[in-house]
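# Residue-level structural notes
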Amino acid sequence: MIKAVRGTRDLLPPDTELWNFVEHTVREVFARYNYREIRTPIFESTELFSRSVGEETDIVSKEMFTWEDKARAASEKTQTLTLRPENTAGVVRAYIEHELGRSGLLQKLYYIGPQFRRERPQKGRYRQFFQIGAEVLGPTTAGSELPIRDAEVLDMLTALLDAVGLTGWTLYLNSVGCAKCRPAYNQALRDALENVKDQMCGDCQRRSETNPLRVLDCKVPEDQPIIEGLPKIADYLDEGCREHFAQVRAILDTLGIPYQVNERMVRGLDYYTRTTFEFTHGKLGSQSAVLGGGRYDGLSEQLDGPKAPGIGFAIGEDRLVLALQAQQQQTLAPLKAFVVPLGEGMNRHALKLAKQLRADGVAVDVSDESFRLKKSFETAEKLGATFAIIVGENEVKADAFAVKNLTSGLQTTVSRSELLGHLED
Ligand code: ATP
Ligand code: MG
């Protein structure tokens, strides 16, 4: 038997309904904030990710699906390609390639799609997973650098989580400084790590040389007390970064958005500057981050583009759906009625009635005239329908139907014109 590849999975009904509900809500909420959809390719040249996400990150150093794409004609070059592990790099590449900054306006873009990382599969962690993300970026003259943008992004996220019905999340916020002040912090970290790195995990020993900020990301329990004692980034932010962070927090306070400052949260991608954030959810166990994001003021230039500061986030859609399921959120309209044709020639009448109800927005399903009444009722119950509506010869003649409430067991006769009102009571 051929099975789905390790770390990938099939999304089946009824789960797909929750996925669709989430995506539908995303489109609706993001549109209210004037975001528009962008779709970028699912593979890009490897260099795009190594130059943006960063060579020393987990993603680039060990999680990418990369292959050599051999030239097939003299006109082609052999290229090294990678399945996208995240989508911000692709969006910024597209921004540069299509000169989206030329209008002088902020670009507010969102995407929904699969991402790929070769990680150890477990609950909430897959090799193909879905992200819902948004980016706001543009020339500095459009205000892309200003704290109001950071706050608006966070406001949109809380509005989305409200709209899908997720409760009990925590927003962690930090500032990781900028290209001007981060080097001093990196140096302070390096110096402090010099004395303690021998007691740390192998990854941290390597990171303390190559990319000391990444040490703060370490999940090894034994390393945690050591990390607690390392210098704090807040003490190294320069005037501009400190003021920016203070303003972001002031706007969030005004909007009534609750957050906790977490000075250790540096996030796993190198392109972040200033604001970084993460939303976690208690019901998710050890993979508790539902989404993460931050500002990336130098990313466009790092990819040879114009200056285009920006901020964005990516929601792990798989984890959002898991959290909603764990919460047993009744966000979906259950099946309202099961229409039961009874007797020969009744299928077309049953389907006509179903068509009428569906046009009125009611979720209904239909049985078949070859089913016995008992089998139809059993099926209706299995499907979770609230009502069974019987369509037999007498009913068709009278244009009134026997309607059985499957919860109470009560059966009444209801005329076609009164049916909708009866079902919605
Ligand atoms: P984590 O610390 O959980 O590995 P990350 O920092 O690698 O997360 P990001 O790259 O910031 O995550 O991606 C944003 C969101 O995408 C995460 O908060 C998470 O919800 C989701 N995500 C990341 N990797 C996976 C994966 N392998 N499977 C499912 N969801 C994922
Ligand atoms: Mg990760």
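Here, every reference points to the structure presented above.
The structure contained in this document is the topic of the report that follows. (Residues numbered from 1 in each chain as written. Chains lettered and ligands numbered in written order. Predicted model: local features only at pLDDT ≥ 70, side-chain atom pairs only at ≥ 80, totals over all residues. Heavy atoms only, no water.)

Once that is clear, we can look at the overall build of the protein. Looking only at helices and strands, one finds 15 helices and 16 strands in the protein. Summarising its shape, the C-alpha atoms of the protein cover approximately 85 × 60 × 50 Å along the three principal directions. The 425 residues of the protein split such that 49% are buried. Residue pairs at least 24 apart in sequence account for 69% of intrachain contacts in the protein once pairs closer than 6 positions are excluded. (Helix = DSSP H or I, 4+ residues; strand = E, 2+ residues; numbered from the N terminus. Buried < 20%, exposed > 50% of the residue type's maximum accessible area, 1.4 Å probe, protein only. Contact = heavy atoms within 4.5 Å.)

What follows deals with the sheet that holds strand β16 (residues 411-415). With mixed pairing, five strands are arranged side by side in an open sheet as β13-β12-β14-β15-β16. Across the chains shown, the open sheet's two edge strands, defined by having one partner strand only, are β13 (364-366) and β16. Sheet twist, expressed as the mean angle between neighbouring strand axes with direction ignored, is 30°. Both strand β15 (residues 400-405) and β16 contribute to a ladder of five bridges, which runs antiparallel. Bridging from a neighbouring strand, Lys 404 pairs with Gln 411 of β16. Most of the contacts of helix α13 (residues 373-382) go to strand β12 (residues 337-341), to which it runs at about 165°, and overall it touches β12, β14 (387-391) and β15. (Pairing = 2+ DSSP bridges. Axes fitted to C-alpha atoms, helices over the stretch in contact; angles between N-to-C directions.)

Before going further, it helps to examine the site of ligand 1. Close to ligand 1 lie 17 residues; Arg 117, Glu 119, Tyr 126, Arg 267 and Ala 289 are nearest. One of the side-chain nitrogen or oxygen atoms of Gln 131 is found 3.0 Å away from an oxygen atom of ligand 1. Bound to the protein, ligand 1 loses 90% of the 580 Å² it would expose on its own. Within the residue set of the shell around ligand 1, elements represented by two or more residues are β6 (128-137), β10 (289-295) and β11 (310-316). Tallying contributions element by element places β10 first for the shell around ligand 1, with four residues. (Near = heavy atom within 4 Å. Polar contact = N/O pair within 3.5 Å; in protein donor to acceptor, adjacent residues only side chain to side chain. Areas by Shrake-Rupley, 256 points an atom, 1.4 Å probe, with all protein chains shown as cover.)

This part takes up the side chain of Asp 223. Along the chain, the position of Asp 223 falls in the loop between α7 (202-210) and α8 (224-228). As a buried residue without a salt bridge, Asp 223 has its nearest oppositely charged side chain in Arg 207, at a separation of 6.4 Å. If sequence neighbours within four positions are ignored, Asp 223 has contacts with Gln 199, Met 200, Cys 201, Cys 204 and Cys 218. (Lys, Arg positive; Asp, Glu negative; His and termini not counted. Salt bridge = Lys/Arg side-chain N within 4 Å of Asp/Glu carboxyl O.)

On to the packing of helix α1 (residues 15-32) against helix α11 (residues 317-326). Pairs of packed helices are described in terms of their axes, by the angle between the two and the distance that separates them. As a packed pair, α1 and α11 sit with axes 10 Å apart at the nearest point and diverge in direction by 115°. The pairing of α1 with α11 is recorded here as roughly perpendicular in orientation. Pair α1 / α11 crosses with right-handed handedness. The residues of α11 that touch α1, namely those facing Asp 15, Leu 18, Trp 19, Val 22 and Glu 23, are Glu 317, Asp 318, Leu 320, Val 321, Leu 324 and Gln 325. The residue makeup of the contact of α1 with α11, split by class, is six nonpolar, one polar and four charged. (Parallel < 35°, antiparallel > 145°, perpendicular 65-115°, else oblique. Left-handed = near helix turned anticlockwise from the far one by under 90°. Nonpolar A, V, L, I, M, F, W, Y, C, P; charged D, E, K, R; others polar.)

The next subject is the state of the cysteines. Overall, the coordinates contain zero disulfides when judged by the stated rule. In this structure Cys 201 is a free cysteine whose sulfur lies 3.7 Å from that of Cys 204, the closest cysteine sulfur available. (Disulfide = S-S within 2.5 Å.)

Take helix α9 (residues 239-255) next. Helix length check: α9 (17 residues) gives 25 Å between terminal C-alpha atoms against 24 Å at 1.5 Å per residue, within 8%. Burial in α9 covers these residues: Cys 241, His 244, Phe 245, Val 248 and Leu 252. For α9, the angular spread of the buried residues around the axis is 95°, confining them to a single face. Across α9 from its buried face, at more than 90 degrees, point the exposed residues Glu 239 and Thr 254. Backbone geometry just after α9 places Gly 256 at a positive phi near 75°. (Expected span 1.5 Å × (residues − 1). Arc of directions from axis to C-beta.)

Attention now goes to unusual backbone geometry. Of the consecutive residues Pro 13 and Pro 14, the connecting peptide bond is found in the cis state with omega at 5°. Along the polypeptide, Pro 14 turns up in the segment before α1. For Asp 304, which is not a glycine, the phi torsion comes out positive at approximately 65°. Here Asp 304 shows up in the loop between α10 (299-302) and β11. Positive phi outside glycine occurs at Asp 399, with the angle close to 55°. Judged by relative accessible area, which is 32%, Asp 399 ranks as partly exposed.

It is worth spelling out empty space enclosed by the protein at this point. Enumeration over the complete set of coordinates arrives at one cavity of 30 Å³ or more. Looking at the largest cavity, the residues that line it are Tyr 185, Leu 216, Ile 227, Glu 228, Leu 230, Pro 231, Lys 232, Ile 233, Glu 263 and Arg 264. The residue makeup of the lining of the largest cavity, split by class, is six nonpolar, no polar and four charged. (1 Å grid on protein atoms, 1.4 Å probe; cavity = no way out; pocket = protein on both sides within 12 Å on 5 of 7 lines; lining within 4 Å. Points joined across faces, edges and corners; volume = space filled by probe spheres on them.)

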